[in-house]
Amino acid sequence: MDLGDAVPLSTSFPLPFRVLFLIGLGILGWATNLHGLHLLGIDAGSALELSSGRTFLPTNSSSSRVFSSPRLSYMPVYRLFAGYATWCFAGWSFFRLATHSNTMLVDTFKYIPALSSLGVLTTLICPFELCQKRERDMFLQSAARCIFSSMDSPVYFSDVVFADVFTSFAKVLGDVWLSLCMLLPGGSLVSPPHLDGLSQWILPTFMSLPYIIRFRQCLIEYQSPTNTSKRPLFNALKYASSFPVIFLSAAQRIVVLELAEMKGELVTREPWHGEHPLFRLWLLAAAVNSLYSFWWDLTNDWGLNLLKSRSAESRRPLVLPSLHSKTSSIAGSSDAHLVTQSSGHQILGGAIHRHQSYPYGLRPVLLYPLLVYPLVMFFNLVLRMTWSIKLSSHLHSQSEGSVLMLWLEVAEVFRRWMWVFLRVEWEVAKNAQHKSQIMSIRTASEEVELMPSNRSDPMDDDYVLASEHSG
């Protein structure tokens, strides 16, 4: 029996298990982010502003506890992933053994993915000291801070990273709602639930929550008394551009119904409805969101000059303190020294700091190998375009069993994993520039204060000479 592409995946790997898989991939990605930043000499706790007692992302950094080895910052997250993966894999294996890839048995044993998901949720909120309680508590604190913080509270860099990572799981959040509908009595794991009336807007609302959180953070930054730029406002517009993509996609049901009345039921199987204005408006919204987000990634989140105007590119290069050291790590060192070579470049512990010239489209400070940047930019563009499609519920709700859709979600997690490395790198560079400027100002002010003590007052000289002559 030919059940199409959706049924085999729904039989062997139903949606609730795919949600658990993507969440586990996110945990592993965060652990490798911390590990990779440590290997590159970057103190993730300091760069993410987590060393002052505000531990909201699971890096295990805290002012009340000092670790002798940075290795301890990522090992608890690895252990958390290991426990999580073991539990989920055991549940999926038991489900596979029970169903024997028989579609007729999938709904009979759907209590297995339900129990697996319930176990994860119970462990997350468990108050006992087990399964890396510290990391779980920090995750819950970070989520609460992003969702419930007041409009006059500051927005820290750790909150920004957490909320941005959350936006990459917008589709997963929608899948949580669909999984709940599938697991409840009357639902089926082999096909997505039929959402009509007001219920069809619940899915896009769930998918919008991460963007609402990030949009709100930008407004808080813009209204801050210390803010003097419109950058947070333009950033808020970027997240606002996701809402038309999400809700116009939900409105495509109207498009299909209207075209079905004119052309018949066969039109419902076609993915392209370019003759309808709502469909064209959705395409325009997706293109605007993808291109705007790509430009913002390169120009603002990563500080690259590829899409900047010439006036912006011609600004004074950064003059940074040493970023790499055998004895101290980036964002954690207070020393400021530069090693200058005869070539006119400055070496920052292996990263080249060019005063006058640097690779086209990049920036003066590069902490990673040069090949990394064009590759990341290329993958970011491609995956940004596909991710706007992934925000379209009218596409994935019709083919929840599609292997392609699953791989697109995996690709978005991979894109965000790359994004974190460059985002933290640019934050480190900006912080180092700020420290360097403060040190320069202090040095200049100290020199000005010392000048009178190093030189005699001419009036005093004249007075002494006059006294000598008069004597």
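Before going into details, it helps to say that this report is about the structure given with it. (Residues numbered from 1 in each chain as written. Predicted model: local features only at pLDDT ≥ 70, side-chain atom pairs only at ≥ 80, totals over all residues. Heavy atoms only, no water.)

This part covers the overall build of the protein. Per the secondary structure count, the protein includes 19 helices and 3 strands. Out of the 471 residues in the protein, the part that is buried amounts to 44%. Accessible surface, the protein as shown: approximately 24,400 Å² in total, 66% of it carbon and sulfur. (Helix = DSSP H or I, 4+ residues; strand = E, 2+ residues; numbered from the N terminus. Buried < 20%, exposed > 50% of the residue type's maximum accessible area, 1.4 Å probe, protein only. Areas by Shrake-Rupley, 256 points an atom, 1.4 Å probe, with all protein chains shown as cover.)

A separate point is the pattern of salt bridges. As enumerated under the stated definition, the model contains 12 salt bridges in all. Of the charged contacts, one joins R214 and D164 as a salt bridge, the two residues approaching to 3.4 Å between their closest N and O atoms. Of the two residues, R214 is situated in helix 10 (residues 202-223) and D164 in helix 8 (residues 157-167); the sequence distance between them amounts to 50 residues. In this structure R214 comes out as buried when scored by relative accessible area, which is 3%. The exposure class of D164 is buried, given its relative accessible area of 3%. (Salt bridge = Lys/Arg side-chain N within 4 Å of Asp/Glu carboxyl O.)

It is worth spelling out helix 9 (residues 170-183) at this point. Quick reminder: α-helices carry 3.6 residues per turn. Residues three or four places apart thus point the same way. The end-to-end C-alpha separation of helix 9 is 20 Å, in line with the 20 Å expected for 14 residues at 1.5 Å each. Most of helix 9 sits inside the fold, with 11 of its 14 residues counted as buried. For helix 9, every residue scored as buried is listed here: A170, K171, V172, L173, G174, D175, W177, L178, S179, C181 and M182. (Expected span 1.5 Å × (residues − 1).)

On to the packing of aromatic side chains, then. Overall, the coordinates contain 18 aromatic pairs when judged by the stated rule. Relative to W282, the ring of F279 has its centre 5.4 Å away and its plane inclined at 55°; by these criteria the two rings are tilted. A residue pair is termed a helical-turn pair when its members lie 3 or 4 positions apart in one helix, as F279 and W282 do in helix 14 (residues 277-301) at 3 residues. Overall, F279 belongs to the buried group, its relative accessible area being 1%. By relative accessible area, W282 is classed as buried at 5%. With a centroid separation of 5.8 Å and 20° between ring planes, the pair formed by F414 and W417 is classed as stacked. With a gap of 3 residues between them, F414 and W417 both fall in helix 18 (residues 403-454), about one helical turn apart. Residue F414 is classed as partly exposed on the basis of its relative accessible area of 38%. Exposure remark for W417: the relative accessible area of 28% places this residue in the partly exposed category. Here the aromatic cluster, defined as three or more aromatic residues joined through ring pairs, consists of F13, F21, F89 and W92. Seen from the ring of W419, R416 lies directly overhead, with NZ or CZ sitting 4.6 Å from the centre. (Phe/Tyr/Trp six-rings, centres within 6.5 Å; stacked < 30°, edge-to-face > 60°. Lys NZ or Arg CZ within 6 Å of the ring centre and 35° of its normal.)

What follows concerns the nonpolar core. Within soluble globular proteins, side chains that are nonpolar tend to cluster in buried spots. Formed by 68 residues in total, the largest nonpolar core has its most connected members in I42, W302, Y368 and V424. Tallying contributions element by element places helix 18 first for this core, with 12 residues. Sequence-distant contacts of Y368, that is, excluding residues within four places in its chain, are made with L37, L40, I42, Y373, F421, L422 and E425. Judged by nonpolar contacts, the second largest core, of 6 residues, contains V245, L248, F279 and A286. (Core = buried A, V, L, I, M, F, W, Y, C linked by side-chain atoms within 4.5 Å. Contact = heavy atoms within 4.5 Å.)

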